[in-house]
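A look at the structure
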Amino acid sequence: MKNLVIPRNDDRCALCRIAKANETGSHMVPNLLTAVAFSFDGKYKRDREIVEKYHKNAPDSNSVHYGRNVAADKVTADLGHEMTDEELDNNINTLCYDYIFCKDCEKRFGVLETAFGDYYKTGKSLHPRLAYLFWLSVFWRMSIGYMGLFMDARDELDIRGILDKNLKIREEITGSTEKMGDYGYAVFRLDGPLLKGDSGVFGTNRSRSPYVILVADQVVVLFTNYSKLHKKTIVFGYEIDKDNINTYRKDDYIELEMSIEELYDFKKQIVESTYDVFGREQEEMARRIREMERTSGKACSKKDFYAIMQLLKPREKKMRVRQAYRFRAAYVKMLEARARGEEYDFLKDRELMLTQDDVNNYIEDLNNFKARGISLVPFAFAREFLHDDSIPPFEDTLAAAKKHFESEHENAMNLEEIWSDD
């Protein structure tokens, strides 16, 4: 099974910057967390993930990855057919990267992941220096792997130096008195179980502190210049006391409880905060600049970077309909309930976690599309929410899509029969 390979300026290890990057199958987010986020059956083991990857600026690159241990009937049910040879060839593991690290540096991360895994799975004590380096490594790896997060180059390069200098055997890390920067991080952890679709891997791509990521059942906020923070800090509307922010100097590892509603709120705000940061050309250029910064070990000036981004700024703001896929799922569930003679209220559906604010935003976006003359046929509830009988029922749209799929599948089957006859 193929792993992800990203374009780089050189072939040196991203951590030590000395050895050749010859390791394959590296996780930017540790498997112990991605398994929780993406497991198809709740068994948190390797290669049981179904991962949907969405590219805001390159929707033609959207993909779904099925781990090699995902049940065949599950894959068939999702695709509507057995996976073809072409689909198998394109089944790239978007959680694993090739040729980012050398083999020795890959093992250095293992010290942190084992320590955190012992705490995460069994509740064993977690030394603050190990916890600090673990979360720094996750933020840094997500940034160099372009997994939603895009840190300021100065922070990214600084954290690389901290990790490279301090990733040693466990006893050396815990017994060290070495200074490790002035970062602090707050950890929110879900107070209950996750359902499939609740979580994923998300990060803010605004290149300034605080940085926020959501992985598995955790939301983590990373602050630069911890010593200069006020006693209370507001992030996405949530007040965080400085006493509840972790550093490597504190005695205990602190977690803050988070409800499922708060997890979804964090997820929505992370996505909303990143949507208009980069257009397609801006993102491509930002990555090229970043690879040059990683190779040289020096950050370009903020003024120059901003000027380049302004030159490449899209002329028109990209339009979108927020939560469209969830409202589509809600509509399908409504039809299924109606067929069973049951009532259905999507605002009470734990799997969808839609709120009245989502409804209001969805209506606002639909009205924006309507004002610009854009067809609302592809959008669930458009007819009902806008009270516009000129919009065909979405049920008809679903029926037409199903008929088209069945026709395409039948044609494909006929072609296979023709080729097999030859």
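If you're wondering where the values come from, they're calculated on a predicted model, not measured in any experiment.

Criteria and cut-off values
- Residues numbered from 1 in each chain as written.
- Predicted model: local features only at pLDDT ≥ 70, side-chain atom pairs only at ≥ 80, totals over all residues.
- Heavy atoms only, no water.
- Helix = DSSP H or I, 4+ residues; strand = E, 2+ residues; numbered from the N terminus.
- Rg over C-alpha atoms; globule rule 2.2 N^0.38 Å.
- Contact = heavy atoms within 4.5 Å.
- Areas by Shrake-Rupley, 256 points an atom, 1.4 Å probe, with all protein chains shown as cover.
- 1 Å grid on protein atoms, 1.4 Å probe; cavity = no way out; pocket = protein on both sides within 12 Å on 5 of 7 lines; lining within 4 Å.
- Points joined across faces, edges and corners; volume = space filled by probe spheres on them.
- Nonpolar A, V, L, I, M, F, W, Y, C, P; charged D, E, K, R; others polar.
- Buried < 20%, exposed > 50% of the residue type's maximum accessible area, 1.4 Å probe, protein only.
- Pairing = 2+ DSSP bridges.
- Phe/Tyr/Trp six-rings, centres within 6.5 Å; stacked < 30°, edge-to-face > 60°.
- Lys NZ or Arg CZ within 6 Å of the ring centre and 35° of its normal.
- Salt bridge = Lys/Arg side-chain N within 4 Å of Asp/Glu carboxyl O.

1. Comments concerning the overall build of the protein chain
Per the secondary structure count, the protein chain includes 14 helices and 12 strands. In terms of overall dimensions, the protein chain is globule-like: its C-alpha atoms have a radius of gyration of 23 Å, near the 22 Å expected for 422 residues. Seen through its C-alpha atoms, the protein chain measures out along the principal axes to roughly 70 × 60 × 50 Å. For the protein chain, contacts bridging at least 24 residues in sequence account for 69% of all contacts bridging at least 6. Carbon together with sulfur atoms contributes 50% to the accessible area of the protein chain, which is approximately 22,800 Å² in total.

2. Structural notes on empty space enclosed by the protein
Within this structure, the stated rule accounts for two cavities of 30 Å³ or more. Considered as a void within the structure, the largest cavity measures approximately 160 Å³ in volume. Lining the largest cavity we find 15 residues, and of these Arg8, Ala14, Arg17, Ile144 and Arg294 sit closest to its centre. If you list the elements that add at least two residues to the lining of the largest cavity, you get helix H5 (128-144), helix H6 (153-166) and helix H9 (280-296). Split by residue class, the lining of the largest cavity holds six nonpolar, two polar and seven charged. Quantified by volume, the second largest cavity comes out at close to 40 Å³. Considering the residues around the second largest cavity, the lining is formed by His27, Asn31, Arg46, Asp47, Glu49, Asn93, Leu95 and Cys96. Take the lining of the second largest cavity: its biggest share by element is three residues, from strand E5 (residues 93-97).

3. Describing the side chain of Asn205
Take Asn205: it is sitting in the loop between strand E7 (201-203) and strand E8 (211-215). Overall, Asn205 belongs to the buried group, its relative accessible area being 11%. The residues contacting Asn205, other than those within four sequence positions of it, are Gly148, Phe150, Thr274, Val277 and Phe278.

4. Brief notes about the sheet that holds strand E1 (residues 3-4)
Spatially, E1-E5-E2 is the arrangement adopted by the three strands of the open sheet, whose pairing is mixed. The sheet is open, and its two borders are formed by E1 and strand E2 (26-27), each paired with just one other strand. Of the strand pairs in this sheet, E2 and E5 are connected by two bridges, and their pairing is antiparallel. The residue bridging Ser26 from the neighbouring strand is Tyr97, located in E5.

5. Quick notes on the pairing of E5
For E5, a buried count of five out of five residues is recorded, marking the element as mostly surrounded by other parts of the structure. In the sheet, E1 pairs with E5 via two bridges, with the strands oriented parallel. Bridge assignment links Leu4 to a residue of E5, and that residue is Tyr97.

6. Comments concerning the layout of surface pockets
Gaps left between atoms show up when a probe the size of a water molecule is rolled over them. There is about 790 Å³ of room inside the second largest pocket. Surrounding the second largest pocket, 32 residues form its lining, Asp276, Val277, Phe278, Gln282 and Met309 being those nearest its centre. Contributions of two or more residues to the lining of the second largest pocket are made by H6, H9 and helix H10 (302-311). With five residues, H10 is the largest single contributor of residues to the lining of the second largest pocket. Grouping the amino acids of the lining of the second largest pocket by side-chain chemistry returns 10 nonpolar, seven polar and 15 charged.

7. Here we look at the packing of aromatic side chains
Applying the stated criterion across every chain yields a total of 24 aromatic pairs. Ring geometry for Phe101 and Trp140: centres 6.0 Å apart, planes at 35°, overall tilted. With Phe101 in the loop between E5 and helix H4 (103-122) and Trp140 in helix H5, the pair connects residues that are 39 residues apart, well separated along the chain. What makes Phe101 buried here is its relative accessible area of 0%. Judged by relative accessible area, which is 2%, Trp140 ranks as buried. Their ring planes at 20° and their centres at 5.8 Å tell us that Phe116 and Tyr120 sit as a pair that is stacked. Of this pair, Phe116 and Tyr120 both sit in helix H4, four residues apart, which is roughly one turn of that helix. Residues Phe116 and Tyr120 agree in their burial class; the two are buried. Chaining the aromatic ring pairs together yields one cluster made of Phe116, Tyr119, Tyr120, Tyr132, Phe134, Trp135, Tyr185, Tyr248 and Tyr253. In this structure, Arg287 packs its charged tip against the face of Tyr146, placed 4.1 Å from the ring centre.

8. Some details on the pattern of salt bridges
For the structure shown, the criterion picks out 32 salt bridges. Salt-bridge contacts for Glu291 lead to Arg294; the nearest nitrogen and oxygen are separated by 2.7 Å. A residue pair is termed a helical-turn pair when its members lie 3 or 4 positions apart in one helix, as Glu291 and Arg294 do in helix H9 at three residues. Grouping residues by exposure puts Glu291 and Arg294 together as buried. As a salt-bridge pair, Glu342 and Arg340 come within 3.1 Å of each other at their nearest N and O atoms. Note on Glu342: relative accessible area 43%, which makes it partly exposed. Salt bridges linked by common partners bring Glu156, Arg290, Glu291, Glu293 and Arg294 together as one network.

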